[in-house]
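An overview of the molecular structure
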Amino acid sequence: MLQCDKVNESLPVNVTDEVIQQNPEFSRLLNLLSQHINSDGTSVQAEKDLQQAEEELKHEKHNWLMQKTIYREVEELLMDYEIKSQECSLSSEDKQFQAALQECLTMAEIGDYVDCNPEPGSSSTLLGLTREEIQRQNPYKKHLPFLQQKLLPDIEDRLRLKCESLVTFHDPDNGTESDRLTFAKASQLPAMIDSECHELKQMKVKLNKEKHRKDKQFWLYYQTLLDSLSLLEDLICRYRLQNQTEHDTVTTEWLVSKCDGLCLKIRLTELQILCETYTVETCRALSQIRKYLKSEHNETETEYTNVSQALKAYESVGMGFDSLVNEYSKLKNEVENKQWALKEFQQSIENKDR
């Protein structure tokens, strides 16, 4: 077992072996604390005092349970007598026994209430009465030995039947055994139950240790997984991504060179098209066309200049020139229309003559 496991089991801490190795003084301190503190964080002396108090409480609880069990059995016995009296009449002896038992039980209950005092340590009692004074008022005080002689066998039989029922409930396969053997097992039943409770506690402690071991193993695997992921990331960044960068650089340079080659090829194709399009004959023809267009352009500019000068001369005549021009245009249009109408009329006459 590792030193960290010993420390974690002896103290309510959770340290790793790496922390123990890196901090020897801290490890020594934890070892010293483990001599004074148990695994749940309480001191050793407090645990001893607690165990002693638990033993005393167990003893007192045992005595109280014995008295309570007898008290419940007496109550149930009285209840059985009461039910029996309702079903059929009791004998005089049973009636006297029931009345005496009920009175003694009442006196015992009153005696318990006498010591009821809210102030601990006080010797005063309820109404100043004592148990002795209460018992002196019991009219059946002299008959207590007779009552006990008759009551104890009934209580024992009732308790024996309940013990046998408990044994049968604890071990259902016990129904075929004899009553004596069943009662013998009933006497050992508390020890058996204590043993089973102790086994359950040990099993619980074992399960807690197993859970602690599983948790530690889980965190160990988890840390190992994180370290593996970190190493994998480092390897990817160092080798895979670096090679990818070099590959991308080479690919980029290749693409750039390919684009440059395509641009040069396009330029060469363009020059070839120009050479095939503009031959010597084509250039000569284009030169002649250029000369012709240039001459036409010059003539057009000359005509435009003349027209512009004429317009300026007309405009210099005055505002009346516009009306004369408009009237001239109208007259010219009318003459053209009449000439067209006359021509059409002549053609129609010629057509009739034919």
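A probe as big as a water molecule, rolled over the atoms, marks out the empty space that is left. Volume-wise, the largest pocket comes out at about 1700 Å³. If you trace the largest pocket, you find 40 residues lining it, with Leu65, Met66, Gln67, Thr69 and Ile70 closest to the centre. Of all the secondary structure elements, the ones that give two or more residues to the lining of the largest pocket are helix 4 (44-87), helix 5 (92-114), helix 6 (131-136), helix 7 (144-170) and helix 8 (179-277). Across the lining of the largest pocket, the residue classes tally to 24 nonpolar, seven polar and nine charged.

Grouped together as the largest cluster of nonpolar side chains are 13 residues, with contacts concentrated most on Val74, Leu77, Phe97, Leu101 and Leu151. Of all the elements in the fold, those that place two or more residues in this core are helix 4, helix 5 and helix 7. Examining the composition of this core, we find that five residues originate from one element, helix 5, more than from any other. Contact partners of Leu101, with chain neighbours within four places excluded, come to Val74, Leu77, Leu78 and Leu151.

Bringing the state of the cysteines into the picture now. Applying the stated criterion across every chain yields a total of zero disulfides. With no disulfide of its own, Cys259 lies 6.6 Å from the sulfur of Cys263, the closest cysteine sulfur.

The next thing to look at is the confidence of the model for the protein chain. Scored by pLDDT, the protein chain has a mean of 78; 79% of the residues are at 70 or more. Averaged pLDDT values over the elements of the protein chain bottom out at 61 in helix 1 (residues 3-10) and peak at 84 in helix 4.

Below, the discussion takes up the pattern of salt bridges. Applying the stated rule across the entire model yields ten salt bridges. Among the salt bridges present, the one from Lys162 reaches Glu76, with a minimum N-O distance of 3.0 Å. One end of the pair, Lys162, is in helix 7; the other, Glu76, is in helix 4, with 86 residues separating them in the sequence. Classification of Lys162 as partly exposed rests on a relative accessible area of 35%. Residue Glu76 is classed as partly exposed on the basis of its relative accessible area, which comes to 32%. Between Lys211 and Asp215 there is a salt bridge, with its nearest N and O atoms 3.2 Å apart.

Conventions adopted
- Residues numbered from 1 in each chain as written.
- Predicted model: local features only at pLDDT ≥ 70, side-chain atom pairs only at ≥ 80, totals over all residues.
- Heavy atoms only, no water.
- 1 Å grid on protein atoms, 1.4 Å probe; cavity = no way out; pocket = protein on both sides within 12 Å on 5 of 7 lines; lining within 4 Å.
- Points joined across faces, edges and corners; volume = space filled by probe spheres on them.
- Helix = DSSP H or I, 4+ residues; strand = E, 2+ residues; numbered from the N terminus.
- Nonpolar A, V, L, I, M, F, W, Y, C, P; charged D, E, K, R; others polar.
- Core = buried A, V, L, I, M, F, W, Y, C linked by side-chain atoms within 4.5 Å.
- Buried < 20%, exposed > 50% of the residue type's maximum accessible area, 1.4 Å probe, protein only.
- Contact = heavy atoms within 4.5 Å.
- Disulfide = S-S within 2.5 Å.
- pLDDT = per-residue confidence, 0-100.
- Salt bridge = Lys/Arg side-chain N within 4 Å of Asp/Glu carboxyl O.

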